Number of protein chains: 4
Amino acid sequence: MRVLMIGDVVGRPGRKAVRELLPPLLQEHRPDLVVANGENAAGGNGITPDIAGELFAGGIDILTMGNHVWDKREAMTLLEEDERIVRPANYPAGTPGRGYTLVKAKENLQVGIINLSGRVFLAPLECPFRLGRRLAEEIGALTRIILVDFHAEATSEKVALGWYLDGLVSAVIGTHTHIQTADARVLPQGTAYITDVGMTGPRDSVLGVKTELIVKKFLTQLPVRFEVAGGIIQLEAVLIDIDPGTGRATAIQRLQHYGPA
Amino acid sequence: MRVLMIGDVVGRPGRKAVRELLPPLLQEHRPDLVVANGENAAGGNGITPDIAGELFAGGIDILTMGNHVWDKREAMTLLEEDERIVRPANYPAGTPGRGYTLVKAKENLQVGIINLSGRVFLAPLECPFRLGRRLAEEIGALTRIILVDFHAEATSEKVALGWYLDGLVSAVIGTHTHIQTADARVLPQGTAYITDVGMTGPRDSVLGVKTELIVKKFLTQLPVRFEVAGGIIQLEAVLIDIDPGTGRATAIQRLQHYGPA
Amino acid sequence: MRVLMIGDVVGRPGRKAVRELLPPLLQEHRPDLVVANGENAAGGNGITPDIAGELFAGGIDILTMGNHVWDKREAMTLLEEDERIVRPANYPAGTPGRGYTLVKAKENLQVGIINLSGRVFLAPLECPFRLGRRLAEEIGALTRIILVDFHAEATSEKVALGWYLDGLVSAVIGTHTHIQTADARVLPQGTAYITDVGMTGPRDSVLGVKTELIVKKFLTQLPVRFEVAGGIIQLEAVLIDIDPGTGRATAIQRLQHYGPA
Amino acid sequence: MRVLMIGDVVGRPGRKAVRELLPPLLQEHRPDLVVANGENAAGGNGITPDIAGELFAGGIDILTMGNHVWDKREAMTLLEEDERIVRPANYPAGTPGRGYTLVKAKENLQVGIINLSGRVFLAPLECPFRLGRRLAEEIGALTRIILVDFHAEATSEKVALGWYLDGLVSAVIGTHTHIQTADARVLPQGTAYITDVGMTGPRDSVLGVKTELIVKKFLTQLPVRFEVAGGIIQLEAVLIDIDPGTGRATAIQRLQHYGPA
Ligand SMILES: [Fe+2]
Ligand SMILES: [Fe+2]
Ligand SMILES: [Fe+2]
Ligand SMILES: [Fe+2]
Ligand SMILES: [Fe+2]
Ligand SMILES: [Fe+2]
Ligand SMILES: [Fe+2]
Ligand SMILES: [Fe+2]
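Residues numbered from 1 in each chain as written. Chains lettered and ligands numbered in written order. Predicted model: local features only at pLDDT ≥ 70, side-chain atom pairs only at ≥ 80, totals over all residues. Heavy atoms only, no water.

## Here's the deal with the pairing of strand 8 (residues 146–151) of chain C
All names here are of chain C. Taking burial as the measure, the 6 residues of strand 8 include 6 buried ones, the bulk of the element. Side chains of strand 8 alternate between two faces, with I146, V148 and F150 and L147, D149 and H151 buried alike. Pairing geometry for strand 7 (residues 110–117) and strand 8, over 6 bridges, is parallel. Its bridge partner being in strand 8, I113 is matched across the sheet by L147. With respect to chirality, the unit in which strand 7 leads through helix 4 (residues 128–140) into the neighbouring parallel strand 8 is right-handed. Where strand 8 and strand 9 (residues 171–175) come together, 5 bridges link them in parallel fashion. Residue pairing across strands places D149 opposite I173, the latter belonging to strand 9. (Buried < 20%, exposed > 50% of the residue type's maximum accessible area, 1.4 Å probe, protein only. Helix = DSSP H or I, 4+ residues; strand = E, 2+ residues; numbered from the N terminus. Pairing = 2+ DSSP bridges. Right-handed = clockwise from strand over helix to strand, strands pointing away.)

Below, the structure is given as structure tokens:
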């Protein structure tokens, strides 16, 4: 089976990229499941019911989140109600929403999707290594096809989790840095891995935000109100082929597609 | 003219990669100048005169450094004495060594090499944006061919500096995260850019260190003594073509080469 | 001469403390100059012209600031126009406002007030050690009576700056942690020092904010909108006696006063 | 009953302070139990069996630790074997040593001592709020007299934990910043609280370390090998009176004592 995992969708240009660049990709690669990170989908930060709906209508089956999950107030009830959205599982007990979900992909294959957050340079959530392994084992009793979106900053933490879960899950896909890395590979025990899948939104920007605003912030150290950039759009993703019998990945391929503003 | 910029050389396997994987690359691409980041060359951390000498003998013309520059005591005098080694220019006034250097490449072309450190999640050095621009302008009076090694953690800071120096330098090459990114491109005003050029050392590792040690550190939060990993070696680099008349880059190409343990 | 330095004034309860607890203090101790940190004066974060005016009317001569200086938009022009307000001097060149000011205290004595920000766990501004010494020497050509508000988090950085400026300024008074420390003393070369002067606002709170909100934040790791607490008010300050001939401090005394809600 | 809690004992001068300044304090205040933070007792960082033995012989009944607990290798077995030493309880499951202990104080009163670490600016251990409450409740089934050493950096986290455990434990005593705070009080439900009890070691220093070394570090941003300072010694502590029937604190008093080099 084949899964398409799309990097952080940023604001209006990101949603436009989904609308315009995803359909030909679906046509060409015919994935059985499409997952996207949606933590920046609403105006650059957070998610709302309307915007989640727009993304689901556009062909995305599951949305994962990250540190921006709570930026829009409506996310609280949305995450409680919609089983197609997962937020980092390592938030404390009692946090709204779910940290993993199970979905029926094409051909009736069940797939588990886990969302985890890193802790280096990020909030002190539960240990993503220990929790990741525990969830992988729990979900492993139900299905062998398991995807992990590891939303983290430090390359050391991301690479280490990839090795740690190698053989326990079908893929560990990094998100959060918004820059696609060139290290996609299948690890020895069958886990597809990439440190960061990248960003879906305005190409000529700083991680989706207008360049001049971020430069101003670095130059002045003053607070700056961020705005999503315009211009050429990009969609960054990975395509993962998984043996449905074993849950082992057989291939992972990086995708970078561009379109006019 | 053509420059080869090699990502952080890590310990003995990194030096082996230089010894074994660099010669065929030189043969194939015939760069006029070879630069490598050497902050991890000595046992994983820092640099010594012997090891710098080994790298220069192996075909490297210039070594750049980063946050590990001071890990070996001998670096203090080495950086004072050897003009072929640069450390981040934004250390405070009075710091040993130099933050940029000028070198004659093949065909008598003069090249300026600037090393800068990021400040996000790193030490509070001088502003790399302001200093970077000032040095680019100063060196720009002497030569149009200028390379910047931006040793930084956060993708936002790296991408922003690339845009900020676009048109002022020939290339902004990111180092420090040890994972090559897939965003190499020439920016509109002629600056070649990549967020991170990657790592030269043991492939099956966490940034060059034995995987089980880093995993242990994340699992236990106890201090762990790091050791450089073994196994298959890799050399990661970018090849940059620069118009010597204008100093503008015309192409940037990612390289990833592997060899037996 | 005698200076009263008041810790971070937090919101409405802080201003009430200034209104109700400051007059008897002025009566009792008769300071020649009253300085207060005002970075939290407006609703817990930032400063506005109205609120600065209220504090000046209440007997405060000079307001210092800190990391919250830019939280209210009106601060930009206020800091440009009003010489009685200083923000950390180590913001980059071009930042609105001033980092130090000179004021005539009673008996025509001129006093220099410098505001500096720490960099440990805070923004990477200019080095407060190097800049602090330079400003102390510059202002020292005009007056020997110099006060430094060092707005910083880490005790190591604060204590070190106290020692570093000992003999160059009359006092180094720490702010930002909102908890008064018990280490007020005159250092050997005549600089009065305290790691933190404390907070002026609601006593039964977490640094001025409603306790249940901060506890909720720590328990849930979710974003929480902070509100200034109510209840018993406190005014925390230090009283510094300075020999006007030498600029050396002769005494520093901690004050903690309380009043009904 | 009466407990003396002594702030971080730093190196040889700290142990000298225990040897010379503690006996008269014991004479004067006659505590039923003496607790000290020992994370810096061995050469400024960590603990060894010999040095723990020296402190126990000097009149200390229980040693608490902090982020430096693992700096000396011998600590691993020491903490496993000696029930009189506790390290932060919120290290991951499987960490050597214990996070709390029970001790018989004078008059056969049983006392529980819990050690917790903060997470703001420190390692991402288990939540000290949730774990602190759970341990307080568990130990509360055995004794009402419970002391917490909260080893943390941020004043917000320390104050918040004090309020959170108010009424559940007899005292929450902050350590780690090495600067005594002036906010000792008994909270409304009977928990004695202070943000930081301070440091026991060389007075004229930066948190126990030679001033010139720390200043050099801030000025140069280069690595500096720390050495414990000499000169006048200090012992900082709090004295807590607890009603043994209810476990509620009735008083908390700060102590600062000094002696010749
Ligand atoms: Fe994102
Ligand atoms: Fe993110
Ligand atoms: Fe490196
Ligand atoms: Fe580095
Ligand atoms: Fe404040
Ligand atoms: Fe502040
Ligand atoms: Fe300590
Ligand atoms: Fe500590």
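## As for the sheet that holds strand 6 (residues 100–104) of chain A
All names here are of chain A. The strand order across the open sheet formed by 6 strands is 6-7-8-9-11-10, and the pairing between neighbours is mixed. Pairing within the sheet leaves two strands with one partner each, and these edge strands are strand 6 and strand 10 (185–186). In the packing of helix 4 (residues 128–140) onto the sheet, contacts are made with strand 6, strand 7 (110–117) and strand 8 (146–151), and the angle to strand 7 comes to roughly 170°. The strands touched by helix 5 (residues 155–165) within the sheet are strand 7, strand 8, strand 9 (171–175), strand 10 and strand 11 (192–194), with strand 9 carrying the most contacts at an inclination of about 170°. (Contact = heavy atoms within 4.5 Å. Axes fitted to C-alpha atoms, helices over the stretch in contact; angles between N-to-C directions.)

## Things to note about the coordination of the iron ion (ligand 5)
All names here are of chain C. Within the protein, the atoms that donate to the iron ion (ligand 5) are D8 (OD), E39 (OE), N40 (OD1) and H178 (NE2), at distances of 2.0 to 2.2 Å. In primary sequence terms, the donor set of the iron ion (ligand 5) follows D-x30-E-N-x137-H. For the pair the iron ion (ligand 5) and the iron ion (ligand 6), the metal-to-metal distance amounts to 3.5 Å, and E39 bridges them. Taken together, the positions of D8 in strand 2 (residues 8–9) and H178 in the loop between strand 9 and strand 10 (185–186) put the pair 170 residues apart, joining distant regions of the chain. Side by side, D8 and H178 carry an identical accessibility label, which is buried. (Donors = N, O, S within 2.8 Å, 3.2 Å for Na, K, Ca; no water.)

## Here we look at the sheet that holds strand 10 (residues 185–186) of chain B
Residues and elements named next belong to chain B. A sheet is described by the order of its strands in space; here 6 strands give the open sequence 6-7-8-9-11-10, paired in mixed fashion. Looking along the sheet, the strands with just one partner apiece sit at the ends: strand 6 (100–104) and strand 10. Relative to the sheet, helix 4 (residues 128–140) contacts strand 6, strand 7 (110–117) and strand 8 (146–151), its axis offset from that of strand 7 by approximately 170°. Lying over the sheet, helix 5 (residues 155–165) contacts strand 7, strand 8, strand 9 (171–175), strand 10 and strand 11 (192–194), oriented at roughly 170° with respect to strand 9.

## Points about the coordination of the iron ion (ligand 7)
All names here are of chain D. Distances from the iron ion (ligand 7) to its protein donors, namely D8 (OD), E39 (OE), N40 (OD1) and H178 (NE2), fall within the range 2.0 to 2.2 Å. Relative to the metal, the 4 donor atoms surrounding the iron ion (ligand 7) lie at angles of 88 to 163°, and the coordination shape comes out irregular. Positions of the donor residues of the iron ion (ligand 7) along the chain correspond to the pattern D-x30-E-N-x137-H. Judged by relative accessible area, D8 falls into the buried class, the value being 0%. (Tetrahedral: all angles 85-135°; square planar, octahedral: opposite > 155°, others 65-115°.)

## Description of helix 4 of chain A
With 13 residues, helix 4 of chain A extends 17 Å from end C-alpha to end C-alpha; this agrees with the ideal 18 Å at 1.5 Å per step. If you check which residues of helix 4 of chain A are buried, you get P128, F129, L131, G132, L135, A136 and I139 of chain A. End-on, the buried residues of helix 4 of chain A take up no more than an arc of 165°, which puts them together on one face. Buried residues along helix 4 of chain A sit against strand 6, strand 7, strand 8 and helix 5 of chain A together with helix 6 (211–220) of chain B. (Expected span 1.5 Å × (residues − 1). Arc of directions from axis to C-beta.)

## Some thoughts on the pairing of strand 7 of chain C
All names here are of chain C. Burial within strand 7 is extensive, with 7 of its 8 residues counted as buried. Note that strand 6 (residues 100–104) and strand 7 share 5 bridges and pair antiparallel. The partner of Y100 across the bridge, within strand 7, is I114. Between strand 6 and the antiparallel strand that follows it, strand 7, lie 5 residues; E107 among them carries a positive phi value of about 60°.

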